[in-house]
Amino acid sequence: MTMRYRQLGSSNLRVSALCLGTMMFGDQTGHAEAASIVAHAREHGVNLIDTADIYAKGGSERMLGQILQGQRHDWIVASKLGNKMSDRANEGHYSRTWMLREVEAILQRLQTDHLDILYLHRDYGGMNLEEPLMALDALLRAGKLRYWGVSNFRAWRMAELVHIARRLGMPAPVVCQPCYNLLNRMPEVEILPACGHYGIGVIPYSPLARGVLTGKYAPGQVPAEGTRAGRGDKRMHETEFREESLRIAQTLKTHAEARGVTLAQWATAWVLHHRHVSSVIAGPRTLAQWQGYLPAVDLQLGAEDEDRVDGLVPPGHPSTPGFTDSIFPLHSRV
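To start, this report covers the structure provided alongside it. (Residues numbered from 1 in each chain as written. Predicted model: local features only at pLDDT ≥ 70, side-chain atom pairs only at ≥ 80, totals over all residues. Heavy atoms only, no water.)

## As for the state of the cysteines
So, step 1. Summed over the entire model, instances satisfying the criterion amount to 0 disulfides.
So, step 2. Free of any disulfide, C176 has its nearest neighbouring cysteine sulfur in C195, separated by 4.0 Å.
So, step 3. Judged by relative accessible area, which is 1%, C176 ranks as buried.
So, step 4. Between C179, a cysteine without a disulfide, and C176, which holds the nearest cysteine sulfur, the sulfur-to-sulfur distance is 11 Å.
So, step 5. Given a relative accessible area of 11%, C179 falls into the buried group. (Disulfide = S-S within 2.5 Å. Buried < 20%, exposed > 50% of the residue type's maximum accessible area, 1.4 Å probe, protein only.)

Set out below in structure tokens:
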């Protein structure tokens, strides 16, 4: 495997095709296993690592801060804020007060003096966008951040952010982190074209549809204990764990294995094949899972592969007709 590097949107930052996602660190993944994963990723040319304050309520950042001692400048370190960290009124979302305070806490947990990328983790309908941008501008000017981006934002909201940033005379977002995989092709309608138009790099999360695209879940069967579905993961059951998706995964598993690769590798390569994607987040629980992602970097897809997916999940659509993710609610017509 030879690591490949891509430009992050229109920025001058070059990122590895795989980004190490650390959502499991401090929760499902202990320190020793996490350190092994980070070491393996570093040895194989990965330079981008992703965490968030909400992961294990700061536990992922604390663990990562310990592991990255002595190798901080080998990594582009990205974190996120915006989700509620407690039941207190101002310990979440995007007030200037909270953002300035929480970035300091993130830096302390990561044991560093700056973040390479800070994401606004999710949008909140109707919120004032100028206030968080002014806070980001202050953090950029203070050297606490190098770049910023968004995760789970609609395309028109990203366009608003770009234009507000221009008006404020501050840097625009350089990266978007959407949920994008071959079972959820909805970002192809507006999010990915908007990123291409504005020069925003794309680093999708959940290329394996929260594990469905490993092919380990059979339709009509109770998921095994210890798996994400078996643990009753809330977001998985709200989104990817649908009968149609399970059936499609089994069909594509056969297609991938005929090519001599796993479905997970093939599905990851499919996401990387999109022309606007800069990197893709691989979020392992174990070292073996992480190692399983790496062959995707060298895997080349052709027209037959694209046609196979198009025949199962049409471009721009989810695997289940009419599916809508609960974090993107539709507003009433009346």
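Okay, back to it.
## Overview of the side chain of E188
So, step 1. Structurally, E188 can be placed in the loop between β8 (175-177) and α6 (191-198).
So, step 2. For E188, a relative accessible area of 18% translates into the label buried.
So, step 3. Engagement of the side chain of E188 in a polar contact is seen with the backbone nitrogen of G316, the distance being 2.8 Å. (Helix = DSSP H or I, 4+ residues; strand = E, 2+ residues; numbered from the N terminus. Polar contact = N/O pair within 3.5 Å; in protein donor to acceptor, adjacent residues only side chain to side chain.)

## Quick word on unusual backbone geometry
So, step 1. The backbone of N152 sits at a positive phi, close to 60 degrees, despite the residue not being glycine.
So, step 2. With respect to the helices, strands and loops of the structure, N152 is situated in the loop between β7 (145-151) and α5 (155-168).
So, step 3. Residue S206 is not a glycine yet carries a positive backbone phi of 60 degrees.
So, step 4. Residue position: S206 is located in the loop between β9 (201-202) and α7 (234-238).

## Things to note about the layout of surface pockets
So, step 1. Computed from the structure, the largest pocket encloses a volume of approximately 1,500 Å³.
So, step 2. As for the largest pocket, its lining consists of 49 residues, of which M23, M24, R210, R228 and D233 are closest to the centre.
So, step 3. What the second largest pocket holds in volume is close to 610 Å³.
So, step 4. Lining the second largest pocket we find 29 residues, and of these R154, M186, P187, I191 and F328 sit closest to its centre.
So, step 5. Looking at the lining of the second largest pocket, its residues break down into 15 nonpolar, 7 polar and 7 charged. (1 Å grid on protein atoms, 1.4 Å probe; cavity = no way out; pocket = protein on both sides within 12 Å on 5 of 7 lines; lining within 4 Å. Points joined across faces, edges and corners; volume = space filled by probe spheres on them. Nonpolar A, V, L, I, M, F, W, Y, C, P; charged D, E, K, R; others polar.)

## A word on α5
So, step 1. Between its terminal C-alpha atoms α5 stretches 20 Å, which fits the 20 Å expected from 14 residues at 1.5 Å a residue.
So, step 2. Where α5 is buried, its residues meet α4 (130-141), β7, β8 and α6.
So, step 3. Looking one or two places after α5, you find G169, whose phi comes out positive at around 70 degrees. (Expected span 1.5 Å × (residues − 1). Contact = heavy atoms within 4.5 Å.)

## So, the packing of aromatic side chains
So, step 1. Enumeration according to the criterion identifies 4 aromatic pairs in this entry.
So, step 2. Centre to centre, the rings of W290 and Y293 are 6.4 Å apart; their planes meet at 45 degrees, and the pair counts as tilted. With W290 and Y293 both in helix α10 (residues 287-293), this residue pair falls 3 residues apart, about one helical turn. We note that W290, like Y293, is buried.
So, step 3. One cation-aromatic arrangement involves R242 over F323; the distance from NZ or CZ to the ring centre is 4.0 Å. (Phe/Tyr/Trp six-rings, centres within 6.5 Å; stacked < 30°, edge-to-face > 60°. Lys NZ or Arg CZ within 6 Å of the ring centre and 35° of its normal.)

## Examining the sheet that holds strand β6 (residues 115-120)
So, step 1. Reading across the sheet, the 8 strands line up as β9-β8-β7-β6-β5-β4-β3-β10 and stay open at both edges, with parallel pairing between neighbours. The two strands at the open ends of the sheet, each matched to only one other strand, are β9 and β10 (280-282).
So, step 2. Pairing of strand β5 (residues 76-81) with β6 involves 4 bridges; the strand directions are parallel. Across the sheet, the residue bridging to A78 is I117, located in β6. (Pairing = 2+ DSSP bridges.)

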